[in-house]
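Take a look at the letters that make up each chain.
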Amino acid sequence: MSTFVEESKISANALNDTAMQVLSRTEKIGYGLGDAASHIVFDNVMFYMMFFYTDIVGLPAGFVGTMFLLARGLDAVVDPIMGHITDRTRTRWGQFRPYILFGALPFAVSCILVYTTPNFAMDGKMIFAAITYVLLMLLYTVVNIPYCALGGVITAEPTQRMSLQSYRFVLATAGGMLSTVLMTPLAEFIGGSNRALGYQGGITILAVAACIMLVLCFYFTKERVTVTEAYHSSMWNDLKDLIKNDQWRIVAGFTILNILAVSVRGGAMMYYVTYILGNAGYFAVFLGTYSVGNLLGSALAKPVTDRICKVRVFGWTNLILAVISFVMFWIPMQSVVMMFIFVFFIGILHQMITPIQWVMMSDTVEYGEWKSGKRLTGISFSGILFVLKLGLAIGGALIGWVLAGSSYQAGATTQGSAALSGIVALFTVVPGIAYFLSFLLTHKYILKKNILQKILSELQLVTKTDI
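None of the values given here were measured: they were computed from a predicted structure.

Glancing now at the overall build of the protein chain. Each helix and strand in the protein chain was counted, giving 16 helices and zero strands. For the protein chain, whose C-alpha radius of gyration is 22 Å, the value lies close to the compact-globule estimate of 23 Å for 467 residues. Referenced to the eigenvectors of the C-alpha coordinate spread, the extents of the protein chain come out at roughly 70 × 45 × 40 Å. Looking at the protein chain as a whole, 60% of its 467 residues are labelled buried. Restricting to contacts in the protein chain with at least 6 residues of sequence separation, those with at least 24 account for 87%. Summed over its atoms, the accessible surface of the protein chain is roughly 17600 Å², and 68% of this surface lies on carbon and sulfur atoms. The centroid of the 31 positive side-chain charges in the protein chain is displaced by 4 Å from the centroid of its 24 negative side-chain charges.

Next up, the structure:
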């Protein structure tokens, strides 16, 4: 412990008495509203963006897939910069909350722009789509990196963290449902036969709701795990310290694999219900069924992990998800009832492990501080957001490339056998592989309850003896 004390005077008061207090239900709901706002966009990107660009705007599927992937190249620079900035931010409103407040309105505007279809030639539409999509992702970064980091500084108490994340993902799922389930009915009501106008009108209503939610998140939350001085090391040094955190690297692996699973399945869902189940009208009900499962899974996360080690729950649930996904590949086409049942249980299981994953992320921040003496909350979460968006981009690119490579015909009444096989594989096999790899990776994660208690105890000991 002596080396740790000598290395870190800055992090010596990172944990204090209020950091371990019981949180009010109002604050948990307030925090959850922030992710409900984010999921209005996040879920739209997963479930609608590819279909919107290919079948409504008319962009080539291969271009859209490549655009999704290349846009993440910019995030390779922007995400760590945003994390570096937030780790050095000190204001009267806190370290992370100001970005949520002042980023709310620009974020909402970017949502509307990305669903705008200008009356340009194809080249102009492609340029406009690329610019507005990049803008959306940049503003998502400005709001969402501080938001995710905020969850790590509202409380340091492990049980309260799990409760906070459970509330977060119940409300995030509700926000996703608000966005995805209502998007098609809103588009039809507002635009009628003009689908482009309908989608823009629908997202405008949802973006206003997201803006209000972000403001409420700022108002109802409080930062308790604090560092009194800002770090003065370079971003490069912070990144090197982050990469040295072996447990952070493992959680980054979980993140990219699990978001790849859900983004590929989500992005392929519209194609699956249209061409495999044979009725595009199933989509809203299909997605609603999945979302109800998500709500149940979020609510189950805390009671299940109160009884069973969260690491074991995470690992075995990933294995079950992998098995279900592979079994789905062999279900005959147009087995509607069977697929609804599978999707419902996938919704439960996937969303049950999502809060656990984010608690693991917060735990790696304490682990990194315990090892190096530096509390890198902002850049840790910016790194996770980067790999999350990288997984989302790879998922989108994979869908676009598979569709293009299998001769998918946008807007066609029927598709060829190669396109149908590609859609089925995207909806079943690809997520299954990602879940199975995540299960294997779980064996490398060491921050179980006893080790985490030791880390928190020693950090608290530094607080009491070194201030």
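Counting all residues, the mean pLDDT for the protein chain is 83, and 92% of those residues have values of 70 or more. When pLDDT is averaged over each element of the protein chain, helix α15 (residues 429-441) comes out on top at 95 and helix α1 (residues 2-7) at the bottom at 34. Confidence over residues 1-15 falls short of pLDDT 50; this stretch has 42 contacts with residues more than four positions distant or in other chains. Across residues 461-467, where pLDDT falls below 50, the model places 14 contacts with residues more than four positions away in sequence or in other chains.

This part is about empty space enclosed by the protein. Within this structure, the stated rule accounts for seven cavities of 30 Å³ or more. Its volume calculated, the largest cavity comes out at about 410 Å³. As for the largest cavity, its lining consists of 33 residues, and the residues nearest its centre are H39, F42, F169, I259 and T354. When contributions to the lining of the largest cavity are tallied by element, the ones reaching two or more residues are α2 (25-57), α5 (122-154), α6 (158-191), α9 (246-276), α10 (283-307), α12 (336-372) and α13 (377-405).

Right, let's get into the packing of helix α11 (residues 310-329) against α12. Across the interface, α11 lies against α12 with an axial gap of 9 Å and an inter-helix angle of 150°. Regarding the angle of α11 to α12, the classification is roughly antiparallel. In the crossing of α11 with α12, the sense of the turn from one axis to the other is left-handed. Touching K310, V311, V313, F314, T317, N318, I320, L321, I324, V327 and M328 of α11 are M339, F342, I346, L349, H350, M352, I353, I356, Q357, V359, M360 and D363, all from α12. Classifying every residue of the contact of α11 with α12 by side-chain character gives 17 nonpolar, four polar and two charged.

With that settled, consider a nonpolar patch on the surface. There is a patch of nonpolar side chains on the surface, built from V208, I212, L216, Y219 and F220 and spanning about 480 Å² of accessible area. With respect to the helices, strands and loops of the structure, F220 is situated in helix α7 (residues 195-220).

All right, on to the state of the cysteines then. What the rule picks out here adds up to zero disulfides. Left unpaired, C148 is separated from the closest cysteine sulfur, that of C217, by 10 Å. The exposure class of C148 is buried, given its relative accessible area of 1%. Since its relative accessible area comes to 0%, C217 is described here as buried.

A word on the packing of aromatic side chains. Scanning the model with the defined rule gives 25 aromatic pairs in all. Ring geometry for F68 and Y133: centres 4.9 Å apart, planes at 35°, overall tilted. Taken together, the positions of F68 in helix α3 (residues 61-87) and Y133 in helix α5 put the pair 65 residues apart, joining distant regions of the chain. F68 sits in the buried class, given a relative accessible area of 3%. Judged by its relative accessible area of 1%, Y133 falls in the buried class. When the centroid spacing of 6.3 Å and the interplanar angle of 45° are considered together, the rings of F107 and Y140 count as tilted. Of this pair, F107 sits in helix α4 (residues 97-114) while Y140 sits in helix α5, placing them 33 residues apart in sequence.

What follows is about the environment of Q247. Note on placement: Q247 falls in helix α9. Accessibility expressed as a relative area gives 1% for Q247, which makes it buried. Along the chain, Q247 and M361 lie 114 residues apart, while their C-alpha atoms are 8.7 Å from each other. Non-local contacts of Q247, meaning those with residues more than four positions away in its chain, are made with T364, Y367, K444, Y445, I446 and L447. Reaching out from Q247, the side chain makes a polar contact with the side chain of D246 at a distance of 2.8 Å. A polar contact is formed between the side chain of Q247 and the backbone nitrogen of I446, at a distance of 2.9 Å.

What counts as what
- Residues numbered from 1 in each chain as written.
- Predicted model: local features only at pLDDT ≥ 70, side-chain atom pairs only at ≥ 80, totals over all residues.
- Heavy atoms only, no water.
- Helix = DSSP H or I, 4+ residues; strand = E, 2+ residues; numbered from the N terminus.
- Rg over C-alpha atoms; globule rule 2.2 N^0.38 Å.
- Buried < 20%, exposed > 50% of the residue type's maximum accessible area, 1.4 Å probe, protein only.
- Contact = heavy atoms within 4.5 Å.
- Areas by Shrake-Rupley, 256 points an atom, 1.4 Å probe, with all protein chains shown as cover.
- Lys, Arg positive; Asp, Glu negative; His and termini not counted.
- Charge placed at Lys NZ, Arg CZ, Asp CG, Glu CD.
- pLDDT = per-residue confidence, 0-100.
- 1 Å grid on protein atoms, 1.4 Å probe; cavity = no way out; pocket = protein on both sides within 12 Å on 5 of 7 lines; lining within 4 Å.
- Points joined across faces, edges and corners; volume = space filled by probe spheres on them.
- Axes fitted to C-alpha atoms, helices over the stretch in contact; angles between N-to-C directions.
- Parallel < 35°, antiparallel > 145°, perpendicular 65-115°, else oblique.
- Left-handed = near helix turned anticlockwise from the far one by under 90°.
- Nonpolar A, V, L, I, M, F, W, Y, C, P; charged D, E, K, R; others polar.
- Patch = residues over 30% accessible without salt bridge, like charges linked within 9 Å, V, L, I, M, F, W, Y side chains within 5 Å.
- Salt bridge = Lys/Arg side-chain N within 4 Å of Asp/Glu carboxyl O.
- Disulfide = S-S within 2.5 Å.
- Phe/Tyr/Trp six-rings, centres within 6.5 Å; stacked < 30°, edge-to-face > 60°.
- Polar contact = N/O pair within 3.5 Å; in protein donor to acceptor, adjacent residues only side chain to side chain.

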